[in-house]
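# Residue-level structure breakdown
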Amino acid sequence: VDGEIDGVRASLLDIESSLGTLAVRRSDNAARRAGLVATQETLRGRLVSLYARRTDIQTGVAAGTSIGAIQAEIDDLQEQLDTVTSEVELIESTDATDALAEAQLFSEQGALRSELSRLEDRRVGLGIDQLGQARARVLTSPHMIAESVTPTAARGGAFGLAVGLILALVFVVFVSRLRQRQ
């Protein structure tokens, strides 16, 4: 039973390690995703500005810049935005996969904790069974003591008298010192 308990505990440690790794990865992904979303917003803002400039050039409001240069810049920004968007989608997909793995690990962790509890209960039960099967052994052979085990009256009286005299002497010394101070 102890070997099984050790195996279950090792499996629990592996699961807790995996859960910790997933938590770190999800945290890193959240920070990375936040940065990418900010980049997306910046790129979208620049695209809107370029579209407005292109429209101004086409309508003749702005002059001096060619539509080809603006269109090339728009195409480049759109490509960057597509790349960032695909990275955000990849992170979201990874997060969804990690969430499923985390749920599965939590389920396995609960099952292993139940198994560990069952095994520990079984170990306790086996220990109780072994206690019931234990046999007493006689370590020394029986014998009679030559003297009486009970105290004698004379010995007890002498001891009481000695303790009483010591307490009386301590009391007398204490009272006499108190009177000297006054």
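My aim in this report is to walk through the structure given alongside it, one point at a time. Residue positions are given per chain, counting from 1 as you read along its sequence in written order. Per-residue local features are limited, in this predicted model, to residues with pLDDT of at least 70; the limit for side-chain atom pairs, both in listing and counting, is 80 or more; totals at the level of whole chains, interfaces and linings are taken over all residues. The basis for every side-chain value is the complete set of non-hydrogen atoms in the structure, without hydrogens or water.

## Quick look at the overall build of the protein
Rule in force here: Put simply, DSSP H or I for four residues or longer makes a helix, DSSP E for two residues or longer makes a strand, and each gets a number counted from the N terminus. Atoms counted for the radius of gyration: C-alpha only. Globule rule: 2.2 Å times the number of residues to the power 0.38. Partly exposed residues are those whose accessible area sits between 20% and 50% of the maximum for their type, while under 20% is buried and over 50% is exposed, using a 1.4 Å probe and protein chains only. Throughout, a residue-residue contact means that at least one pair of heavy atoms, one from each residue, lies within 4.5 Å. Using a 1.4 Å probe, accessible areas were evaluated by the Shrake-Rupley method; residue-level cover was limited to the displayed protein chains. Positive charges come from Lys and Arg, negative ones from Asp and Glu, while His and the chain ends are left out of the count. For the purpose of locating charges, the reference atoms are NZ of Lys, CZ of Arg, CG of Asp and CD of Glu.
The number of helices and strands found in the protein is three helices and zero strands. In sequence order, the secondary structure elements of the protein are arranged as α-α-α. Against the compact-globule benchmark of 16 Å for 182 residues, the protein has a radius of gyration of 45 Å, which places it well outside the compact range. Seen along its three principal axes, the alpha-carbon backbone of the protein occupies a region of about 135 × 70 × 15 Å. Relative to its full complement of 182 residues, the protein shows a buried share of 16%. Nonlocal contacts in the protein, meaning residues at least 24 apart in sequence, comprise 83% of its contacts between residues at least 6 apart. With an accessible surface of roughly 13800 Å², the protein has 59% of that area assigned to carbon and sulfur atoms. When the 19 positive and 25 negative side-chain charges of the protein are each reduced to one mean point, those points stand 19 Å apart.

## Some details on the pattern of salt bridges
Put simply, the test is: For this document, the term salt bridge refers to a Lys or Arg side-chain nitrogen within 4 Å of an Asp or Glu carboxyl oxygen.
Inspection of the entire model under this criterion finds ten salt bridges. The residue Glu4 makes a salt bridge to Arg122 at a minimum N-O spacing of 3.9 Å. Of this pair, Glu4 sits in helix α1 (residues 2-59) while Arg122 sits in helix α2 (residues 67-133), and the two are 118 residues apart along the sequence. The salt bridge involving Arg33 is made with Glu92; its shortest N-O contact spans 2.7 Å. With Arg33 in helix α1 and Glu92 in helix α2, this pair connects stretches of sequence that are 59 residues apart.

## As for the side chain of Asp98
Within the secondary structure layout, Asp98 lies in helix α2. A relative accessible area of 4% means that Asp98 is categorised as buried. The contacts of Asp98, once residues within four sequence positions are left out, are Leu22, Arg25, Arg26 and Asn29.

## Brief notes about the nonpolar core
One recurring pattern in soluble globular proteins: nonpolar side chains tend to sit buried together. Put simply, the rule is: Working definition of a nonpolar core: buried Ala, Val, Leu, Ile, Met, Phe, Trp, Tyr and Cys residues. They are joined through side-chain atoms within 4.5 Å.
Listed in full, the twelve residues of the largest apolar core are Leu36, Leu43, Leu47, Leu50, Ile57, Ile70, Ile74, Leu77, Leu81, Val84, Val88 and Ile91. Sort the elements by how many residues they give to this core and α2 lands first, with seven residues. Counting ten residues, the second-largest nonpolar core is a separate cluster that includes Ile5, Leu105, Leu112 and Leu116.

## Quick look at a negative patch on the surface
Here is the rule we go by: Patch membership needs two things, relative accessible area over 30% and no salt bridge, and members are linked within 9 Å if like-charged or within 5 Å if nonpolar (Val, Leu, Ile, Met, Phe, Trp, Tyr).
A surface patch of like charges, here negative, comprises Glu73, Asp75, Asp76, Glu79 and Asp82. Relative to the assigned elements, Asp82 resides in helix α2. A relative accessible area of 44% places Asp82 in the partly exposed class.

## Re helix α3 (residues 153-181)
In an α-helix, one turn spans 3.6 residues, which is why side chains three or four residues apart end up on the same side. For the record, the criterion: In a helix, the anticipated span is given by 1.5 Å times the number of residues less one.
Here α3 contains 29 residues, and its C-alpha end-to-end distance of 43 Å stays within 8% of the 42 Å for a straight helix at 1.5 Å per residue. With respect to burial, α3 is a largely exposed element, only zero of its 29 residues being buried.

## Describing the environment of Ile91
Among the structural elements, Ile91 can be located in helix α2. Taking relative accessible area as the criterion, Ile91 reaches 2% and is therefore assigned buried. With sequence-adjacent residues up to four places away left out, Ile91 is seen in contact with Asn29, Arg32, Arg33 and Leu36.

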